[in-house]
Amino acid sequence: MPLILTSRHAAHPDSGQVHPVPSEITPRALYATRRQWLRGAVLLGSGGLAASDWSSALAQTSAPASAATVTRPGKRSALPAVRSSVPGALAVDKLTSYEHITTYNNFYEFGTDKSDPAEYAHTLKTRPWTLSIEGEVGRPLKLGLDDLLKLGAMEERIYRLRCVEGWSMVIPWVGYSLSTLLQRAQPTSRAKFVEFISLADAQQMLGVRSSVLDWPYVEGLRIDEAMHPLTLMAFGLYGEVLPPQNGAPLRLVVPWKYGFKSAKSIVTIRLTEKPRPSSWMLANPREYGYYSNVNPTVDHPRWSQATERRIGEGGLFAPRKPTLMFNGYGAQVAQLYAGMDLRKFY
């Protein structure tokens, strides 16, 4: 079901569309089980919020800070969480440092260089913030940030993040399963897909003034992907509220898909009967498909996806790690794609 539409291509060294240096396309993973990769393949059957601004909402969360398993960096307000019991939600990989996670980002609303979001995202105003849930739902919702923070128990999830550009991180997120939120809106039988729309405010986001993408940023999932317990609505990382450059105040995290599928600074969730092409599909449908599952056997048209470079582990010349099928989450999600040709449905 790839949707083929008119493409618009913007070439930039750090945009994810140009990789002049092979080492920028990333390393190989020696951990996390070759068995899990093989099991996934068999199952397939085929190939700027100030810290003080959060205080009122955080005071109402119930999880004790002592339940966290990571050490807070002390940069932003605490977001207490309990360890997740969702299968696969706590990767055992070495965590990427807070510094790397918050200074090496793709967030084109603030520029295309990896350092741009950390430099410019302080202009983002995350209060007041309203999330709308609309479309094929029995109960359309408009929820403020305080309501969203209280909607579900905050959990710590340690996920691998794999960028389509060939680099990766391991991030301790804080949030709850997206299904907790979607169920409140009562999806109808016609809700087959879920669309995520990010804020696009040129006054706050200097990158929106460019034509690198068609704004606002739009991403999408199939409804069963969206309802999977690993699909996370994240409000924090490293035990603290999200920094603006990482998608504050709330973002999607889908750990078995390439990172661009995880929309940031979301203002609208729309449930639909038919899929809408995502922003990167519109920009270049030959290179970016609707599913975008991490798959080391399906290369990007211009570089291999077989290996990855783990940010913060040895620099550009460190040994690359093997990329895992579904980013290592095959045991949990491969059944969603049983019988599908993932070379066709990329």
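One can find the structure itself at the top, above this paragraph.
Overview of the structure. (Residues numbered from 1 in each chain as written. Predicted model: local features only at pLDDT ≥ 70, side-chain atom pairs only at ≥ 80, totals over all residues. Heavy atoms only, no water.)

Let's talk about the packing of aromatic side chains
Working step 1: On inspection of all chains with the given rule, the structure shows 13 aromatic pairs.
Working step 2: Summarising the aromatic geometry, the rings of Tyr159 and Tyr329 are spaced 5.9 Å apart at their centres and angled 75° between planes, so their arrangement reads as edge-to-face. Placement of the pair is Tyr159 in strand β4 (residues 155-162) and Tyr329 in the loop between β13 (321-322) and α9 (330-333), with a sequence separation of 170 residues. With respect to burial, Tyr159 and Tyr329 carry one shared label: buried.
Working step 3: Ring geometry for Phe326 against Tyr337: centres 5.5 Å apart, planes inclined by 20°, an arrangement best described as stacked. With Phe326 in the loop between β13 and α9 and Tyr337 in the segment after α9, this pair connects stretches of sequence that are 11 residues apart.
Working step 4: What makes Tyr337 buried here is its relative accessible area of 0%. (Phe/Tyr/Trp six-rings, centres within 6.5 Å; stacked < 30°, edge-to-face > 60°. Helix = DSSP H or I, 4+ residues; strand = E, 2+ residues; numbered from the N terminus. Buried < 20%, exposed > 50% of the residue type's maximum accessible area, 1.4 Å probe, protein only.)

Some points on the environment of Arg309
Working step 1: Mapped onto the elements, Arg309 comes out in strand β12 (residues 307-310).
Working step 2: Separated by 11 residues in the primary sequence, Arg309 and Arg320 have C-alpha atoms spaced 5.2 Å apart.
Working step 3: Within the structure, the side chain of Arg309 is placed 3.3 Å from the side chain of Tyr104, a separation counted as a polar contact. (Polar contact = N/O pair within 3.5 Å; in protein donor to acceptor, adjacent residues only side chain to side chain.)

Side note on the environment of Ser189
Working step 1: Note that Ser189 resides in the loop between α6 (178-184) and β6 (193-198).
Working step 2: In the structure, Ser189 is positioned 52 residues away from Val137 in sequence and 8.8 Å away in space, judged by C-alpha atoms.

Focus: the pairing of β12
Working step 1: Residues Thr307 and Arg309 of β12 are buried on one face, and the alternating residues Glu308 and Arg310, pointing to the opposite face, are buried as well.
Working step 2: Across two bridges, the pairing between strand β5 (residues 167-177) and β12 is parallel. Each residue of the ladder has a partner; that of Trp167, found in β12, is Arg309.
Working step 3: For β12 and β13, the ladder comprises two bridges, and the chain directions are antiparallel. (Pairing = 2+ DSSP bridges.)

Some thoughts on unusual backbone geometry
Working step 1: Across the junction of Arg127 and Pro128, the peptide omega takes the value -5°, indicating a cis bond.
Working step 2: Relative to the helices and strands, Pro128 is located in the loop between α4 (116-120) and β2 (130-135).
Working step 3: Going from Trp215 to Pro216, the amide bond is cis rather than trans, its omega being 0°.
Working step 4: Phi is positive for Gln186, which is not a glycine, with a value near 55°.
Working step 5: Here Gln186 shows up in the loop between α6 and β6.
Working step 6: Residue classification places Gln186 among the partly exposed positions, given a relative accessible area of 43%.
Working step 7: Positive phi, normally seen in glycine, also occurs at Tyr238, with a value near 50°.
Working step 8: You can see Tyr238 is positioned in the loop between β8 (232-237) and β9 (240-241).

The values reported here are purely geometric and, on their own, carry no functional implication.
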